[in-house]
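Understanding the architecture of this molecule
Below are the chains, spelled out letter by letter.
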Amino acid sequence: MTEPRNHNKEGPWADIDAAFPLSLPWAVLLVAGCFLAQYGVAQLYEHGHLTLPQGLPSTAPQLAVFLTGTLMLLIFWKFGRKAPMRGLGIRLDRLPGDLLFTLVAALGMAALYGLIGLGVFLYFEFTPDELSAKERFLEFLTRAMFKDLSVTRLVMVVLLYPIVEEIWFRGLLYTPLRRERGRWLAIVLTALVFAFAHGNAFPINQFLGGLVFALAFEMRRTLVAPILLHILGNGALAVLGYALPELGIV
C-alpha cells in the first residue's frame with residue numbers, strides 16, 4: 001500500500017499523521033469493502049439464504065461481519081503495517097480529559113437536541129395537517145427511537161455498534177481525509193458517509209450525531225470521547241423507546 005502524500009509536520013495532529021500509514025484512497029477502499037460485505041450478508045439474509053438462531057435480531061449477520069472486519073483491520077494495522085494504535089485514535093493516555101470533555105459535550109448534545117425538538121414541534125404547530133402538532137411530533141419521535149429492546153439488541157446498538165463505527169468512520173476515515181482535504185471537509189464528509197451508511201431515507205439524526213462525533217475526535221484526537229458520546233446517544237434513544245410507551249405517551 002502506498003504511503004500518504006502529506007504529513008502535518010507540526011501541531012497536535014502531527015503525531016497521529018505520523019502514526020497513520022495509509023493514504024486516503026486505501027482508507028476509502030477498506031471502508032467500502034467492509035460495508036459492501038455487510039450489504040452482501042444482509043441481502044443473503046433477506047432472500048432466505050441465511051437463517052438465524054431464534055431470538056437474534058435481523059441485523060446480527062451484519063454486525064458479525066462488522067466485528068470480523070474490525071478485528072481484521074486491527075490485526076492488519078498492528079502486525080501487517082506495524083503501526084501504533086494511536087494512529088486510529090485508540091489510546092487512553094488522555095482519559096481524564098476525555099471523560100470531562102464527554103460530560104460537557106453530552107450536556108451540550110442534550111441541549112442541542114432539545115432545541116431541535118422544539119423547532120420541529122413549532123414547525124408542526126404552524127403547518128397545516130390532518131394530525132395535530134402533538135400527534136405529528138410523537139410520530140417523529142417514534143421514528144427516531146429504538147423499539148426492539150431485547151438484551152441482545154441493546155448490547156448491539158448501545159455498546160458494540162458505537163465502538164466499531166467510531167473505529168471505521170472516525171479512526172480510519174477521518175484522519176486521511178483531514179490530512180489531504182482539511183478538517184472541516186473531513187468533519188462534514190465523514191458525518192455524511194456515517195449518516196447514509198445507516199440506510200435511512202432522511203438520516204438527519206445520524207448526520208447531526210456524525211458531526212458531533214467528528215468534532216469530538218477533532219478536539220480530543222482519541223476515540224474515547226466519540227465512542228462514549230455515541231454510546232450515550234444510542235442509549236438515550238433506547239431509554240426513549242422504553243419510557244415513552246411505558247408512560248403511555250406513544
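The present account deals with the structure reproduced in this document. (Residues numbered from 1 in each chain as written. Predicted model: local features only at pLDDT ≥ 70, side-chain atom pairs only at ≥ 80, totals over all residues. Heavy atoms only, no water.)

1. Considerations on helix α4 (residues 95-125)
In a regular helix each residue adds 1.5 Å, so 31 residues correspond to 45 Å; α4 covers 44 Å between its end C-alpha atoms and thus fits that length. Every buried residue of α4 is listed here: Asp 98, Phe 101, Thr 102, Ala 105, Met 109, Gly 117, Val 120 and Phe 124. Contacts made by the buried residues of α4 are with α5 (133-144), α8 (204-220) and α9 (224-246). (Helix = DSSP H or I, 4+ residues; strand = E, 2+ residues; numbered from the N terminus. Expected span 1.5 Å × (residues − 1). Buried < 20%, exposed > 50% of the residue type's maximum accessible area, 1.4 Å probe, protein only. Contact = heavy atoms within 4.5 Å.)

2. Overview of the side chain of Thr 190
In this structure, Thr 190 sits in helix α7 (residues 183-196). From its side chain, Thr 190 meets the backbone oxygen of Ala 186 in a polar contact 2.6 Å long. (Polar contact = N/O pair within 3.5 Å; in protein donor to acceptor, adjacent residues only side chain to side chain.)

3. Remarks on the nonpolar core
Counting 33 residues, the largest nonpolar core has Phe 20, Phe 66, Trp 77, Tyr 161, Trp 168, Leu 172 and Tyr 174 as its most contacted members. For this core, the secondary structure elements donating two or more residues are α2 (24-46), α3 (60-80), α6 (151-181), α7, α8 and α9. Leave out the neighbours within four places in its chain, and Phe 66 touches Cys 34, Phe 35, Gln 38, Tyr 161, Val 164, Glu 165 and Trp 168. In terms of nonpolar packing, the next biggest core, distinct from the first, is built from ten residues, Phe 101, Ala 105, Phe 194 and Ala 216 among them. (Core = buried A, V, L, I, M, F, W, Y, C linked by side-chain atoms within 4.5 Å.)

4. Focus: the side chain of Glu 165
Note that Glu 165 resides in helix α6. Here Glu 165 is buried and forms no salt bridge, its nearest opposite-charge partner Arg 170 lying at an N-O distance of 6.0 Å. Apart from the residues within four sequence positions on either side, Glu 165 is in contact with Phe 66, Arg 170, Phe 194, His 198 and His 230. (Lys, Arg positive; Asp, Glu negative; His and termini not counted. Salt bridge = Lys/Arg side-chain N within 4 Å of Asp/Glu carboxyl O.)

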